[in-house]
Amino acid sequence: MAKRLGADHVINMLNSDDRAAHLDITRGRGYAVVLETAGAIPTMQSSFELAANKAKVCFVGADEGNHI
């Protein structure tokens, strides 16, 4: 759906944990904005790994039982 709505790049984290794809998209810098919407601990943790220096990371769908 994100692609249909105009997203430039879409990576399904269930099928891909390929950091090379992220580095290619961001030219090695990481993302300036990361929106985490699953509320799952693995995707919350990878949000910080994918974020660039001084990036904005927003947790939209955090489950109250998940603690990092």
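For the structure itself, look to the data block above.
The residue count restarts for each chain, going from 1 along the sequence in the order it is written. Local features in this predicted model are restricted to residues of pLDDT 70 or higher, and side-chain atom pairs are both shown and tallied only at a pLDDT of 80 or more, whereas totals for entire chains, interfaces and linings draw on every residue. Working from all heavy atoms in the structure, the side-chain values ignore hydrogens and water.

Overview of unusual backbone geometry
One non-glycine residue with positive phi stands out, namely R27, at about 55 degrees. Following the sequence through the fold, R27 ends up in the loop between helix 1 (19–25) and strand 1 (31–36). Although it is not a glycine, K54 adopts a positive phi angle of roughly 65 degrees. Numbering goes from the N terminus for both helices and strands, where a helix is a DSSP run of H or I of at least four residues and a strand is a run of E of at least two. Tracing the chain through its elements places K54 in strand 2 (residues 51–59). Only protein chains enter the accessibility calculation, which uses a 1.4 Å probe. A residue is then buried if its area is under 20% of the maximum for its type, exposed if over 50%, and partly exposed in between. Looking at K54, the relative accessible area reads 78%, which means it is exposed.

Quick look at the layout of surface pockets
Empty space left among the atoms is revealed by rolling a probe the size of a water molecule over them. Cavities and pockets were defined on a 1 Å grid built over protein atoms only: a cavity is a set of grid points that admits a 1.4 Å probe from which the probe cannot escape, a pocket is an open set flanked by protein on both sides within 12 Å along at least five of seven lines, and lining residues are those with an atom within 4 Å of any such point. Grid points are joined across faces, edges and corners, and a volume is the space filled by probe spheres set on the points. Within this model, the largest pocket holds a volume of roughly 720 Å³. Lining the largest pocket are 21 residues, and of these I11, M13, V34, L35 and L50 lie nearest its centre. Those elements that place two or more of their residues in the lining of the largest pocket are helix 1, strand 1 and helix 2 (41–50). Tallying contributions element by element places strand 1 first for the lining of the largest pocket, with five residues. Under the grouping applied here, Gly and all other residues not named as nonpolar or charged are polar, the nonpolar ones being Ala, Val, Leu, Ile, Met, Phe, Trp, Tyr, Cys and Pro and the charged ones Asp, Glu, Lys and Arg. A class-by-class count of the residues in the lining of the largest pocket yields 13 nonpolar, seven polar and one charged.

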